[in-house]
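Chain residues, written in single-letter form:
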Amino acid sequence: MSSTLSPKNHNCMASKTKLFQVGMILPITKDKNSELFLRSLEAMCELGFQVSALAEGDMEAQSICFEIAQKYPANFQIVESLPKNREQIMKKVNILLFPDFPSDKVLKEVVKEGIIPVLPKGGKFQNFDPQKESGNAFTFSKNNFWEFLAAIIRASENFKFSYDWQNLQKNIKETEV
């Protein structure tokens, strides 16, 4: 297992050649709706996304994560659940996945860092609409796997357009939690 993550620049210009970085910092457990993350993991790796997660979760989740890490060593990295690794994931990623609503404390961190969340609909987070240049996240109906996966893919597609991505980052930084 690797524990070294390279930092990213949240303000850099997105491009089609830059790898799309996805992170998961919450425990991967049934009560945190881990099924959505675990079911989407192989698809994200197949799409060429770079996925990083903390090794914190129930036995079933850990087993699936280690299996995916062996199958996709270039795309999936699971690191020990330590504060420094959590911080490195947050510095590296373009989006953070929240299969269930995170705490306000976590959301404040996400907003402060300008990281785009993928989370259930509701609250102060609105789905990004590039035509209207509005929204501050990519949202999905709670417990809907296909909408969750679609939100991740929409995020990756919007990431390819630096103007849209910069608007999204501006919108997230203006969000009050």
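Residues numbered from 1 in each chain as written. Predicted model: local features only at pLDDT ≥ 70, side-chain atom pairs only at ≥ 80, totals over all residues. Heavy atoms only, no water.

## Some thoughts on the environment of Gln131
Alright, step 1. Assignment of secondary structure puts Gln131 in the loop between strand S5 (116-120) and strand S6 (138-140).
Alright, step 2. Residues Gln131 and Gln77, spaced 54 residues apart in sequence, show a C-alpha to C-alpha distance of 34 Å. (Helix = DSSP H or I, 4+ residues; strand = E, 2+ residues; numbered from the N terminus.)

## Let's talk about the pairing of strand S2 (residues 50-55)
Alright, step 1. Counting buried residues along S2, five of its six residues qualify, which places the element largely inside the surrounding structure.
Alright, step 2. As judged from the four bridges shared by strand S1 (residues 21-24) and S2, these two strands associate in the parallel manner. Counted as the bridge partner of Met24 is Ala53 from S2.
Alright, step 3. The parallel pair S1 and S2, bridged by helix H1 (residues 34-46), forms a crossover whose chirality is right-handed.
Alright, step 4. Sheet topology places S2 next to strand S3 (residues 76-80); five bridges connect them, and they run parallel. Note that in S3 the partner of Ala53 across the bridge is Ile78.
Alright, step 5. Crossover connection from S2 via helix H2 (residues 59-71) to parallel S3: handedness right-handed. (Buried < 20%, exposed > 50% of the residue type's maximum accessible area, 1.4 Å probe, protein only. Pairing = 2+ DSSP bridges. Right-handed = clockwise from strand over helix to strand, strands pointing away.)

## Digging into the sheet that holds S6
Alright, step 1. The parallel open sheet is built from six strands, whose spatial order is S3-S2-S1-S4-S5-S6. Where the open sheet ends on each side, the last strands, each with one partner, are S3 and S6. Going across the sheet, the axis of each strand differs from the next one's by a mean of 20°, ignoring polarity.
Alright, step 2. Inspection of the sheet shows strand S4 (residues 95-97) paired to S5 by three bridges, in the parallel sense. Bridge pairing in S5 links Leu97 to Val118.
Alright, step 3. In this fold helix H3 (residues 83-92) packs onto S1, S2, S3 and S4, with an angle of close to 160° to the strand it touches most, S2. (Axes fitted to C-alpha atoms, helices over the stretch in contact; angles between N-to-C directions. Contact = heavy atoms within 4.5 Å.)

## Quick word on the side chain of Asp100
Alright, step 1. Considering the arrangement of structural elements, one finds Asp100 in the loop between S4 and helix H4 (104-113).
Alright, step 2. Given the relative accessible area of 16%, Asp100 is considered buried.
Alright, step 3. Looking at Asp100, its side chain comes within polar contact range of the side chain of Lys142, at 2.4 Å.
Alright, step 4. Non-local contacts of Asp100, meaning those with residues more than four positions away in its chain, are made with Asp31, Lys32, Asn33, Pro120 and Lys142. (Polar contact = N/O pair within 3.5 Å; in protein donor to acceptor, adjacent residues only side chain to side chain.)

## Description of the nonpolar core
Alright, step 1. Ranked by internal contacts, the top residues of the largest apolar core, which has 54 residues, are Phe37, Phe76, Ile95 and Leu97.
Alright, step 2. For this core, the element with the most residues is helix H5 (residues 145-159), which contributes seven residues.
Alright, step 3. Not counting residues within four places of it along the chain, the set of residues in contact with Leu97 comprises Val22, Gly23, Met24, Phe37, Met44, Val118, Phe148 and Ile152. (Core = buried A, V, L, I, M, F, W, Y, C linked by side-chain atoms within 4.5 Å.)

## Some thoughts on H2
Alright, step 1. Spanning 13 residues, H2 covers 18 Å between terminal C-alpha atoms, matching the ideal 18 Å at 1.5 Å per step.
Alright, step 2. Of the positions making up H2, those classed as buried are Ala61, Cys65, Ile68 and Ala69. Buried positions in H2, seen along its axis, are confined to an arc of 100° and lie on one side of it. For H2, the exposed residues lying more than 90 degrees away from the buried face are Met59, Glu67, Gln70 and Lys71.
Alright, step 3. Buried residues in H2 make contact with H1 and S3. (Expected span 1.5 Å × (residues − 1). Arc of directions from axis to C-beta.)

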